[in-house]
Amino acid sequence: MKILAVETSCDETAAAVVEDGRKIISNAVASSSALHEKTGGIIPERAAREQVSFIIPVIEEAMSQVSGFFEIDYLAVTTGPGLIGSLLVGVETVKTMGLVLNKKIIPVNHVIAHLYANFLEKNNKIDYPALGLVISGGHSELFLMKNEREIKWLSGTLDDASGEAFDKTARILGLGFPGGPAIASKAAEFSSASNRPTIRLPRPLIGEDSLNFSFSGLKTAVLREVENLKKINKFSEKSVIELAFEIQEAITDVLVNKTLKAAKKFEVKSILIGGGVAANQRLTEKFRTKMENSPGRLFIPPPLLCTDNAAYIGSYAYFHQHPQDWRNIEAYPDLDVEIGSAI
Ligand code: KG4
Ligand code: ZN
């Protein structure tokens, strides 16, 4: 079965054709990050306006790898959560296609769909129960997966998401947008073998039993540190490098600690990670080291499948086949991720 999937929930405009939920036939992504780099963040109206110009060429590019729409069984589209203007670009385009092509549409929850990037790797054999960690610009959520279809939300962030913590602290340090890759490349300039950072940042909630995350305290701590250094005229390139290193250490320490705590509690056989922050190499390194002697297996998609794209939207749609008439498809900016009951 082939699904043409479309994703426009944030600043990417993406379309993909996915076969049987596991095979990528095509995966086209247009990003407006160059525009947001200039403004230091996403301006929703500008993102949506750019997406209007990208959407048709991106769908055409995805469709260029198949012979025509007759090959497509279903359409799929992200209906939420996300920015309303951005979501509407994808949703209205796909609804029109549903009407014109007389095809059913599968609505997709963008956040949960991130986990499905792990189904797109040929040799991944995932045993259940599995734990899912979604870490993106707006979300840090843990899920328990009984199988490919049955998923329960476990916990989330009490304030900022992990990607947001990277983005906001990068902004405080005067680094670019998106903040994750900017912090990661600055942190790489710090050699931890010969140096220990003199600045120590908090690891919020790390010692507590709760599986919730909290990252806003980290942002405040960075702001305070920068202000203090500036006051005594000691804020330099060296302090930016050291702070970037310590920010990355603090965020990844918390993510690894909480995830492994949940994995132990629910005795899972696999851990699946998804979302833009999963592209962080230091995070992968820490997970691998900590899980060396554990029986559970770790799955992290390659970086290009971690950040927003439509391939995992197509995979999710295959495993959650509730096709709808175009009239029943709507954008839900606040679409709930807390599916099932928290355990
Ligand atoms: O999943 P995603 O592409 O979009 C959302 O659904 O939000 O995630 C974007 C987030 C941004 O906060 C960005 O800073 C972060 O992912 N990110 C990273 C890296 N690449 C992207 N964070 C840490 N390290 C990276 N290499
Ligand atoms: Zn995303």
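Residues numbered from 1 in each chain as written. Chains lettered and ligands numbered in written order. Predicted model: local features only at pLDDT ≥ 70, side-chain atom pairs only at ≥ 80, totals over all residues. Heavy atoms only, no water.

Description of the packing of helix 5 (residues 162-172) against helix 6 (residues 179-187)
Here comes step 1: Relative orientation of the contacting elements helix 5 and helix 6 amounts to 65°, with a least axis distance of 7 Å. Classified by chirality, the crossing of helix 6 by helix 5 is left-handed. Residues Phe166, Asp167, Thr169 and Ala170 of helix 5 touch helix 6, and the partners they reach there are Gly179, Gly180 and Ile183.
Here comes step 2: Of the residues belonging to the contact of helix 5 with helix 6, the class tally is 3 nonpolar, 3 polar and 1 charged. (Axes fitted to C-alpha atoms, helices over the stretch in contact; angles between N-to-C directions. Helix = DSSP H or I, 4+ residues; strand = E, 2+ residues; numbered from the N terminus. Left-handed = near helix turned anticlockwise from the far one by under 90°. Contact = heavy atoms within 4.5 Å. Nonpolar A, V, L, I, M, F, W, Y, C, P; charged D, E, K, R; others polar.)

What about the nonpolar core?
Here comes step 1: By size, the foremost hydrophobic cluster in this structure holds 50 residues, and its most contacted members are Leu173 and Ile273.
Here comes step 2: Sorting the residues of this core by element identifies strand 6 (130-135), strand 7 (140-145), helix 5, helix 6, helix 7 (216-231), helix 8 (237-265), strand 9 (270-274) and helix 9 (281-290) as the ones contributing at least two each.
Here comes step 3: Looking at which element gives the most residues to this core, the answer is helix 8, with 13 residues.
Here comes step 4: Ignoring anything within four residues of it in the chain, the contact list for leucine 173 reads Ile183, Val222, Val226, Phe235, Val240, Leu243, Ala244 and Ile247.
Here comes step 5: Among the nonpolar cores identified, the runner-up in size contains 35 residues, and Ala14, Ala76, Leu115 and Phe319 belong to it. (Core = buried A, V, L, I, M, F, W, Y, C linked by side-chain atoms within 4.5 Å. Buried < 20%, exposed > 50% of the residue type's maximum accessible area, 1.4 Å probe, protein only.)

Some thoughts on the packing of aromatic side chains
Here comes step 1: Across all of its chains, the model carries 7 aromatic pairs by this definition.
Here comes step 2: An angle of 35° between the planes, with centres 4.9 Å apart, marks the rings of tyrosine 116 and phenylalanine 119 as tilted.
Here comes step 3: Summarising the aromatic geometry, the rings of tyrosine 116 and tyrosine 316 are spaced 5.3 Å apart at their centres and angled 75° between planes, so their arrangement reads as edge-to-face. Taken together, the residues tyrosine 116 in the loop between helix 4 (110-113) and strand 6 and tyrosine 316 in helix 11 (residues 311-319) connect sequence positions 200 residues apart.
Here comes step 4: Given the relative accessible area of 0%, tyrosine 116 is considered buried. (Phe/Tyr/Trp six-rings, centres within 6.5 Å; stacked < 30°, edge-to-face > 60°.)

Here's the deal with the packing of helix 2 (residues 44-63) against helix 3 (residues 84-101)
Here comes step 1: Where helix 2 contacts helix 3, the two axes come as close as 8 Å, and the packing angle between them is 30°. You can see that helix 2 and helix 3 cross each other, and the crossing is right-handed. For the pair formed by helix 2 and helix 3, the contact residues are Ala47, Ala48, Gln51, Val52, Ile55, Ile56 and Ile59 on the first element and Gly85, Ser86, Val89, Gly90, Thr93 and Met97 on the second.
Here comes step 2: Taken together, the residues of the contact of helix 2 with helix 3 sort by class into 8 nonpolar, 5 polar and no charged.

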